[in-house]
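An overview of the molecular structure
Chain residues, written in single-letter form:
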Amino acid sequence: MSKEKSSSGNNRFLMTILKGRTFIVLILLIIVFRILKSNFLEPSTLSMIAKHVSLYGILGLGMTFVIITGGIDLSVGSVVGLCGMLAGGMIQQGLTLKLFGVTVYFSVPMIVIFMLLFGIFVGWANGMIITKLKVAPFIATLGTMYMCRGFANLRSGGDTFSHLEGYKELGNQGLKTLGSNWMGIPAGVYIFAVLAVAAAIALRKTSFGWYVKAVGGNEKSAKLSGIKADRIKIFCYMISGFCAAWVGIINTAQLSAAHPATGDGWEMNAIAATVLGGTSMAGGSGTVLGTVIGAFVIGVINDGMTMCGVSEFWQKVIRGAVIILAVVIDTAQRELQAKMALQARNENK
């Protein structure tokens, strides 16, 4: 009996470590990079990291909902690029209505609304293809990824929209505000914080959040319980598209420019942040707080390696290894949870 209690105690300790692994890794990374680069914790460096973390984090929020349902969204990086190009084109060239022979210029708030609606539309399209046409999420969003990237290039013929400050006489100035610092903190961080709080409430305090986890945990059981699984999945992809559109807008505002290749590979950062944060690739479980911490880990790793002069090629290798390691640890955690549950049942007999 003492051996069983000792084993149970060890398992609980190990589970505690596994659950807090992302935060522990974040602290260790900060210490390591602070030792390697003395200016790592200076305000200018922290501001740069915060900008990148907010972008990865917002993408990760949408990805969290999708992965919890057992899906994946590979299109978010391309949606970022396409939304940036559409917003940049609307500011610089306006919208030409050939039928009436006029060019209309929209205010920045209207452009933001259009881009968010477009992101939601792409998410809806992904969800419909997956649920109604029964296409695997990986294939469906891979196809959307290529389509959005292609349209981003077609929008300008592969060129960059630069100097997107807008024109006073056209009433389309103000985009740069979303890329500037408010009270010393990047505007994207505030948007990330608001979206993270909203996502956390939706996932933990509403029936929708319970439905999302139920669909990811066991879709057949969820359907038998009366949950409209397809509708939940579609809505989760719409959330992912909405978040990707926000990132496209913020990134364009920060750079005051839009390039068709923007966001290339960012879906990997979003997936890494989500999985590092404890969201299971098998679906059914995940937290917004975990994703937020995961985004900090990815941001610190990327910027820390860049500051230390690590080659971009090696950075890709390391990011890939991080994703694999995160999935391996997630599998180990689920196996340990199953083992502890079995022990608990045996002890209660």
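Data block above holds the structure.
What comes next is a walk through the structure. (Residues numbered from 1 in each chain as written. Predicted model: local features only at pLDDT ≥ 70, side-chain atom pairs only at ≥ 80, totals over all residues. Heavy atoms only, no water.)

**Considerations on the side chain of Asp230**
Within the secondary structure, Asp230 is located in helix H10 (residues 229–255). The exposure class assigned to Asp230 is buried, which follows from its relative accessible area of 19%. In contact with Asp230, not counting residues within four places along its chain, are Thr131, Lys132, Lys134, Glu219 and Lys223. (Helix = DSSP H or I, 4+ residues; strand = E, 2+ residues; numbered from the N terminus. Buried < 20%, exposed > 50% of the residue type's maximum accessible area, 1.4 Å probe, protein only. Contact = heavy atoms within 4.5 Å.)

**What about helix H8 (residues 207–217)?**
Considered for burial, the residues of H8 that qualify are Phe208, Gly209, Val212, Ala214, Val215 and Gly216. As for H8, its buried residues are in contact with helix H3 (43–68), helix H7 (187–205), helix H9 (219–224) and H10.

**A closer look at the packing of helix H4 (residues 76–92) against helix H6 (residues 137–156)**
Direction vectors running N to C along H4 and H6 enclose 25 degrees, while the axes themselves pass 8 Å from each other. As judged from the angle between their axes, H4 and H6 are roughly parallel. Viewed along their axes, H4 and H6 form a crossing whose handedness is left-handed. Seen from H4, the contacting residues are Gly77, Ser78, Val79, Gly81, Leu82, Met85, Leu86, Gly89 and Met90; seen from H6, they are Met145, Cys148, Arg149, Phe151, Ala152, Arg155 and Ser156. Class assignment of the residues belonging to the contact of H4 with H6 gives a composition of 9 nonpolar, 5 polar and 2 charged. (Axes fitted to C-alpha atoms, helices over the stretch in contact; angles between N-to-C directions. Parallel < 35°, antiparallel > 145°, perpendicular 65-115°, else oblique. Left-handed = near helix turned anticlockwise from the far one by under 90°. Nonpolar A, V, L, I, M, F, W, Y, C, P; charged D, E, K, R; others polar.)

**Points about the nonpolar core**
Of all hydrophobic cores here, the largest spans 84 residues; its most connected members are Ile58, Leu59, Leu61, Phe65, Leu175, Trp246 and Ile249. The residues touching Leu61, leaving out its near neighbours within four places in the chain, are Phe192, Leu195, Ala196, Ala199, Cys243, Val288 and Thr291. (Core = buried A, V, L, I, M, F, W, Y, C linked by side-chain atoms within 4.5 Å.)

**Regarding the packing of H4 against H10**
Contact pair H4 / H10: the axes reach a minimum separation of 8 Å and the direction vectors enclose 50 degrees. When the axis of H4 is compared with that of H10, the two are oblique. Note on packing geometry: the crossing formed by H4 with H10 is right-handed. Judged by residue contacts, Val76, Val79, Val80, Cys83 and Gly84 of H4 engage Ser240, Gly241, Ala244, Ala245, Val247, Gly248 and Thr252 from H10. Each residue belonging to the contact of H4 with H10 can be placed in one class, and the counts come to 7 nonpolar, 5 polar and no charged.

**Quick word on the packing of aromatic side chains**
If you walk through the whole model with that rule in mind, you get 8 aromatic pairs. Here the aromatic cluster, defined as three or more aromatic residues joined through ring pairs, consists of Phe65, Phe208 and Phe235. (Phe/Tyr/Trp six-rings, centres within 6.5 Å; stacked < 30°, edge-to-face > 60°.)

**Some remarks on unusual backbone geometry**
Positive phi outside glycine occurs at Met183, with the angle close to 55 degrees. Of note, the phi angle at Ser256 is positive, near 55 degrees, even though the residue is not glycine. With respect to the helices, strands and loops of the structure, Ser256 is situated in the loop between H10 and helix H11 (266–276).

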